[in-house]
Amino acid sequence: MNLEFTPEEQAFRDEVRAFIAENYPKHLGDVGLREDLSREDFLAWHKILGEKGWSVPAWPVEYGGTGWTPTQRYIWSEENARVNAVMPLPFGVSMVGPVIYTFGNEEQKARHLPGIRSGEVWWCQGYSEPGAGSDLASLKTTAVRDGDHYVINGQKTWTTLAQYADWGFFLCRTDPDADKPQEGISFILVDMKTPGVEVKPIKLLDGGYEVNETWLTDVRVPVENLVGEENKGWTYAKFLLAHERSGIAGVARSKRGVEKLREIAANETLDGEPLIEDFDFARKVSQLEIDLAALEITELRTLAGEQAGKGPGPESSILKIKGTEIQQRLTELTLEAVGSYSAPYYGSIANDTGSNEYPIGPDYAHHSAATYFNMRKTSIYGGSNEIQRNIITKMILGL
């Protein structure tokens, strides 16, 4: 694989870099954690990209995609990671959008795709339940047909940022008597303003609020909001998860994270010498970089396959496993590098009590503990890494 950029690709990089420098919202430059962002902050860059026509680069051109090559999409990710850009949220762009343009009808495409592209409509994901996480097929939320509506009852959990959502996509059981649990599930779009939808916050240990419980009580949803065929939702759910897992790998951001880690380790000292010169610490950083380089090439191969018409398949499980493991090792090494300055500073708790106390230590240490603990989730969401290994065993190794 030739990893050198052509003159045309280098020109594209220059174009992207210049556009970001000129148009990326300046007020987002100092954002540390997602809990620091407002709804408007989350959508600011998305809306700018929507006007430019760059908000959904992976979509087919006929639905508003850019037509970029895999290398151009890779460059796009790298340049946004370079400035730590607040990217368009995946729920619309990378999850339900591809499901709608692949399996939805023309009316659904016309109604929902423009709002996803522009950033005007915020989507959330209704998959996990208290008793159905990685074992998603055991979900119990029901959708019962009543004339030209479904009546939905049940509970979803870990619904990320649902407090801001306009619409949600939900997996519901429409045939409780199916031979296999996967065969009785449907994929239904729900207006979050519908009576009976209640979003309750799940406060995290650090006081942050990004996940929710979502209760659905006698929620009446038009049958026209069913995507594809009734009881075929598991097929669409697997399609969506493959796209989600590919995005979870986060190679470009991890590369920027390693650069930042090296900067921190060069500034911190151990026995009077820069930490980065310590043999054991340098060895761990080097091994992380080697693993990240291997993951990067795997991601490029996957992108090339998508460009050739091959959608993300079981190889997305490899990207998910290695990508999240690298993210966790990166935050662990950052925590190790900043030492005692990494003691958690719960900014949202301090703000709730009216405290104006500022954390001690260098600025790069302030969010290191919160980021470390928050990233423990990445090997669980999108299907736990243990489940991904089972998928690889069955679908790739044939065991």
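Right above here is the structure, for reference.
The paragraphs below set out a description of the structure included in this document. Everything quoted here is computed from the prediction, not taken from an experiment.

## Brief notes about the overall build of the chain
From N to C terminus, the chain includes 12 helices and 10 strands. Taken across its 399 residues, the chain has 48% of its residues classed as buried. In the structure as shown, the chain presents an accessible area of about 19400 Å², 52% of it carried by carbon and sulfur atoms.

## Digging into the pairing of strand 3 (residues 149–157)
Where strand 2 (residues 142–146) meets strand 3, five bridges bridge the pair, whose relative direction is antiparallel. Its bridge partner being in strand 3, Val144 is matched across the sheet by Val151. Pairing of strand 3 with strand 7 (residues 211–222) involves eight bridges; the strand directions are antiparallel. Considered in strand 7, the bridge of Gly154 is made with Leu216.

## A short note on the nonpolar core
Tyr127, Ile152, Phe169, Phe187, Ile188 and Leu189 are the most contacted members of the largest nonpolar core, which totals 71 residues. Broken down by element, this core gets its largest block of residues, seven residues, from helix 4 (residues 90–103). When we break this core down by domain, the ones giving at least three residues each are domain 1 (7–88) and domain 2 (123–231). Residues within four places of Leu189 in sequence aside, it is in contact with Val96, Ile100, His112, Trp123, Trp167, Gly168, Phe169, Val221, Asn225 and Val227.

## Focus: the packing of aromatic side chains
Applying the stated criterion across every chain, the model contains 20 aromatic pairs. On the basis of an interplanar angle of 85° and a centroid distance of 5.6 Å, the ring pair of Phe42 and Trp122 is categorised as edge-to-face. Within this pair, whereas Phe42 is found in helix 2 (residues 39–52), its partner Trp122 is found in the loop between helix 5 (106–118) and strand 1 (123–126), the two being separated by 80 residues in sequence. Accessibility assignment for this pair places Phe42 and Trp122 in one class, buried. Centre to centre, the rings of Phe103 and Phe239 are 5.1 Å apart; their planes meet at 85°, and the pair counts as edge-to-face. Taken as a pair, Phe103 in helix 4 and Phe239 in helix 6 (residues 233–248) lie far apart in primary sequence, 136 residues in all. The class for Phe239 is partly exposed, based on a relative accessible area of 23%. Every member of this aromatic cluster is reached through a ring pair, and the members are Phe12, Phe19, Tyr24, Trp45, Trp54, Trp68 and Trp76. Directly above the aromatic system of Trp54 lies the positively charged group of Lys52, at a separation of 4.9 Å from the ring centroid. The positively charged end of Arg376 is found above the aromatic ring belonging to Tyr372, 4.0 Å away from the centroid.

Conventions and cut-offs
Residues numbered from 1 in each chain as written. Predicted model: local features only at pLDDT ≥ 70, side-chain atom pairs only at ≥ 80, totals over all residues. Heavy atoms only, no water. Helix = DSSP H or I, 4+ residues; strand = E, 2+ residues; numbered from the N terminus. Buried < 20%, exposed > 50% of the residue type's maximum accessible area, 1.4 Å probe, protein only. Areas by Shrake-Rupley, 256 points an atom, 1.4 Å probe, with all protein chains shown as cover. Pairing = 2+ DSSP bridges. Core = buried A, V, L, I, M, F, W, Y, C linked by side-chain atoms within 4.5 Å. Domains from an automatic or database assignment. Contact = heavy atoms within 4.5 Å. Phe/Tyr/Trp six-rings, centres within 6.5 Å; stacked < 30°, edge-to-face > 60°. Lys NZ or Arg CZ within 6 Å of the ring centre and 35° of its normal.

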